[in-house]
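The primary structure of each chain is shown beneath.
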Amino acid sequence: MSNVLLIHSSVFGEKSQSLGLARDFLERYPHRSVVERALSPQTMPHLDGETFVAMRTAAGERTGPQEAAVALSDELIAELEAADTIVLAVPMYNFSIPSTLKAWIDHVARAGRTFRYSEKGPEGLLKGKKVFVLVARGGAYKAGSPAAAFDFQEPYLRAVLGFLGLDDVTFIHLEQLAMGQDTATANRAKALAEIERLTDGVVAVAA
Ligand SMILES: Cc1cc2nc3c(=O)[nH]c(=O)nc-3n(C[C@H](O)[C@H](O)[C@H](O)COP(=O)(O)O)c2cc1C
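Please read these numbers as outputs of a predicted model, since none were measured by experiment.

The rules we used
- Residues numbered from 1 in each chain as written.
- Predicted model: local features only at pLDDT ≥ 70, side-chain atom pairs only at ≥ 80, totals over all residues.
- Heavy atoms only, no water.
- Phe/Tyr/Trp six-rings, centres within 6.5 Å; stacked < 30°, edge-to-face > 60°.
- Helix = DSSP H or I, 4+ residues; strand = E, 2+ residues; numbered from the N terminus.
- Buried < 20%, exposed > 50% of the residue type's maximum accessible area, 1.4 Å probe, protein only.
- Arc of directions from axis to C-beta.
- Contact = heavy atoms within 4.5 Å.

Chemist: Could you give an account of the packing of aromatic side chains, with specific residues and numbers?
Modeler: Here the structure, examined in full by the defined rule, presents 7 aromatic pairs. Taking 6.3 Å as the distance between ring centres and 75° as the angle between the ring planes, the aromatic pair formed by phenylalanine 95 and tyrosine 141 counts as edge-to-face. Highlighted residues: phenylalanine 95 in the loop between strand S3 (85-91) and helix H4 (99-108) and tyrosine 141 in the loop between strand S6 (130-136) and helix H5 (154-163), separated in sequence by 46 residues.

Chemist: Could you give me a rundown of helix H2 (residues 49-56), with the residues and numbers involved?
Modeler: Among all positions of H2, only Thr51, Ala54 and Met55 are buried. Down the axis of H2, the smallest arc covering the buried residues is 100°, so these residues share one side. Facing away from the buried side of H2, by more than 90 degrees, are the exposed residues Gly49 and Arg56. On its buried face, H2 is in contact with helix H3 (64-82) and H4.

Encoded structure:
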């Protein structure tokens, strides 16, 4: 049974479509525990220069203020390392991911901890974990749709997660939420059917 890390980043809080889908997923995905990170401008600061320098400084060589600056990055990386399964609830905002999720990525992509440079190039260090990404979008961006080239959400996430070693990634799409109530309702049912297919209809029992 998995230890799950749930990361969500919608400005709509519990009314979020992507978070609702992630909760539907977790109701069906067998797991032992869930650690939840709600990303907002209040909880997830942008990376600044002091923090970045502290992140690049070896643990034994940091000043007191540098230790304080790196504490959040340490905590976020520890959550990632402890999880077997990572569930990302991701809204599409302006063709990409919310800036709070980008700030989270800037805090967890750390050389020597989550990736390293070797003779063969960069190597991701977060291995053997499953990732499920539940995306919600107002429009339609799947391959073949006219706006497919505007999807900077899924390709970016696949690239950066892969860079960190997370290459077992499954996307579940909830699209066309802004294209009328009937379409939104039908697509919610499709996304739920996809979740049930992926989880084999198993109802999760938290231990
Ligand atoms: C600031 C903002 C920007 C958005 N940009 C896009 C966009 O570029 N493409 C799109 O299809 N939908 C866009 N939407 C619609 C959202 O993707 C849609 O509302 C979705 O439900 C968001 O997921 P959430 O409910 O989990 O926040 C945007 C919504 C907001 C609030």
